[in-house]
Amino acid sequence: PFGSANIKKLQNLSQLYQLYQAGANEFGTKLENLDSEFQVNYDHNPIHHMEERMKDVQSLLNKLIKKGYDLSVENIQKHIFDVAGIRVVTNYIDDVYLIEKILLSQSDVTLVRCKDYIKNPKPSGYRSLHIIVSVPVFQSTGSKSVNVEIQIRTVGMDMWASLEHKLRYKTDIDSALVEKYGAKLHSYADELAGIEGKMQHIYQQLSDYKN
Ligand code: 0O2
């Protein structure tokens with residue numbers, strides 16, 4: 001009943017997801033290795049925690065439609081950069097850039113695109129560093145380069161983004177309330193940035209004192 005063309009499309013899609021999952025696994029392993037090395041070799045670990053997700057097919061389709069493309073493997077590979085995503089949550093702002101620097105210094109990692117919403121926050125107040133990085137995945141027929149989106153942000157930025165995400169995606173909330181809470185959250189984002197900066201300063205002073 002689905003037709004052979006649609007079955008073929010589904011098969012291509014699952015092969016593509018397998019490839020992106022393999023790309024996410026490569027970066028997941030890199031980050032886990034860093035996390036355990038920091039625990040053993042240093043008294044400060046920049047990584048607080050990590051999350052990994054594959055974009056669900058419905059969101060993938062919505063994004064393709066929004067960008068004006070048909071569902072095809074080529075369009076996904078060319079125009080969608082966050083099929084596989086990893087979020088790295090750090091303790092301090094400097095840790096965000098430390099993780100970025102360490103990842104980009106690895107010889108098999110290539111930077112495809114960088115959006116720094118910490119230096120240039122979104123109109124909502126959203127702050128996070130988004131890097132699209134590629135890594136070779138070795139398959140039975142050879143190597144393929146796979147893009148993975150890595151979002152790096154502090155605990156404070158992460159807490160803010162989760163709450164703001166709830167406000168934006170809960171469709172049953174009255175629009176006046178969305179506006180009111182949106183404005184509050186915007187000002188809290190600025191306050192949080194200030195507090196995180198001050199806490200990092202104390203942390204720095206304590207580390208210098210210890211050394
Ligand atoms: P999900 O389920 O969270 O992944 P592009 O990649 O350039 O084609 P895109 O994807 O709009 O376009 O890029 P952008 O804006 O750099 O990153 C989108 C992702 O960042 C979102 O994922 C959110 O996770 C996060 N994000 C961006 N802006 C905001 C914001 O104002 N508030 C919150 N809470 N999060 C934000 P998706 O696509 O929503 O889906």
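Labelled according to an unreviewed UniProt entry, the protein appears under the name GTP pyrophosphokinase, originating from Loigolactobacillus backii. Listed under Pathway (unreviewed entry) in UniProt, the entry text for the protein is "Purine metabolism; ppGpp biosynthesis; ppGpp from GTP: step 1/2."

What follows covers the nonpolar core. In terms of nonpolar packing, the biggest core is built from 23 residues, with Val88, Val148 and Ile150 touching the most fellow members. For this core, the secondary structure elements donating two or more residues are helix H1 (4-41), strand E2 (84-90), helix H4 (93-104), strand E4 (129-139) and strand E5 (142-154). Discounting residues that sit within four places of it in the chain, valine 88 has contacts with Leu31, Ile47, Met50, Ile99, Ile150 and Ile152.

Our focus in this paragraph is the sheet that holds E2. In space, the five strands of this open sheet follow the order E1-E2-E5-E4-E3, with mixed pairing throughout. Two strands in the sheet have a free side with no partner beyond their single neighbour: strand E1 (47-54) and strand E3 (110-116). Neighbour-to-neighbour, the strand axes of the sheet open up by a mean angle of 25 degrees, direction not taken into account. With respect to the sheet, H1 is in contact with E1, E2, E4 and E5, its orientation differing from that of E5 by roughly 55 degrees.

What follows covers the site of the ligand. Lining the immediate environment of the ligand, one finds 13 residues, of which Ser124, Tyr126, Ala161, Glu164 and His165 sit closest. Top element by residues in the shell around the ligand is helix H5 (residues 155-169). It accounts for three residues. Class assignment for the residues of the shell around the ligand results in three nonpolar, five polar and five charged. Residues lining the shell around the ligand come from more than one domain, with at least three contributed by each of domain 1 (4-155) and domain 2 (161-210).

Attention now goes to the packing of H5 against helix H6 (residues 175-210). Between H5 and H6, the shortest axis-to-axis distance is 10 Å and the interhelical angle comes to 175 degrees. By the angle between their axes, H5 is roughly antiparallel relative to H6. Here H5 contributes Gly156, Trp160, Leu163, Glu164 and Leu167 to the contact with H6, which in turn contributes Val178, Tyr181, Gly182, Leu185, Tyr188, Ala189, Leu192 and Glu196. Of the residues assigned to the contact of H5 with H6, the class counts are nine nonpolar, two polar and two charged.

Split by domain assignment, the protein resolves into domain 1 (4-155) and domain 2 (161-210). Taken over C-alpha atoms, the centre of domain 1 sits 23 Å from the centre of domain 2. In this assembly, 11 residues from domain 1 lie in contact with 11 residues from domain 2. Sorting the residues of the side of domain 1 that touches domain 2 by element identifies H4 and E5 as the ones contributing at least two each. For the side of domain 1 that touches domain 2, the class distribution of residues is four nonpolar, four polar and three charged.

Within the element layout of this structure, aspartate 56 appears in the loop between E1 and helix H2 (57-67). Its 9 C-beta neighbours within 10 Å are what place aspartate 56 among the exposed residues. Put simply, aspartate 56 and arginine 87 are 31 residues apart on the chain and 16 Å apart in space, counted from C-alpha to C-alpha.

Attention now goes to H5. With 15 residues, H5 ought to run about 21 Å at 1.5 Å a step, and its terminal C-alpha atoms sit 21 Å apart, in line with that. For H5, the complete set of buried residues consists of Gly156, Met157, Asp158, Trp160, Ala161 and Glu164. Buried residues in H5 make contact with E2, E5 and H6.

Reading the values: the criteria
- Residues numbered from 1 in each chain as written.
- Predicted model: local features only at pLDDT ≥ 70, side-chain atom pairs only at ≥ 80, totals over all residues.
- UniProt positions renumbered as here; feature names shortened; annotations may be inferred.
- Core = buried A, V, L, I, M, F, W, Y, C linked by C-beta atoms within 7 Å.
- Buried ≥ 20, exposed ≤ 12 C-beta atoms within 10 Å, placed from the backbone.
- Helix = DSSP H or I, 4+ residues; strand = E, 2+ residues; numbered from the N terminus.
- Contact = placed C-beta atoms within 7 Å.
- Pairing = 2+ DSSP bridges.
- Axes fitted to C-alpha atoms, helices over the stretch in contact; angles between N-to-C directions.
- Near = placed C-beta within 6 Å.
- Nonpolar A, V, L, I, M, F, W, Y, C, P; charged D, E, K, R; others polar.
- Domains from an automatic or database assignment.
- Parallel < 35°, antiparallel > 145°, perpendicular 65-115°, else oblique.
- Expected span 1.5 Å × (residues − 1).

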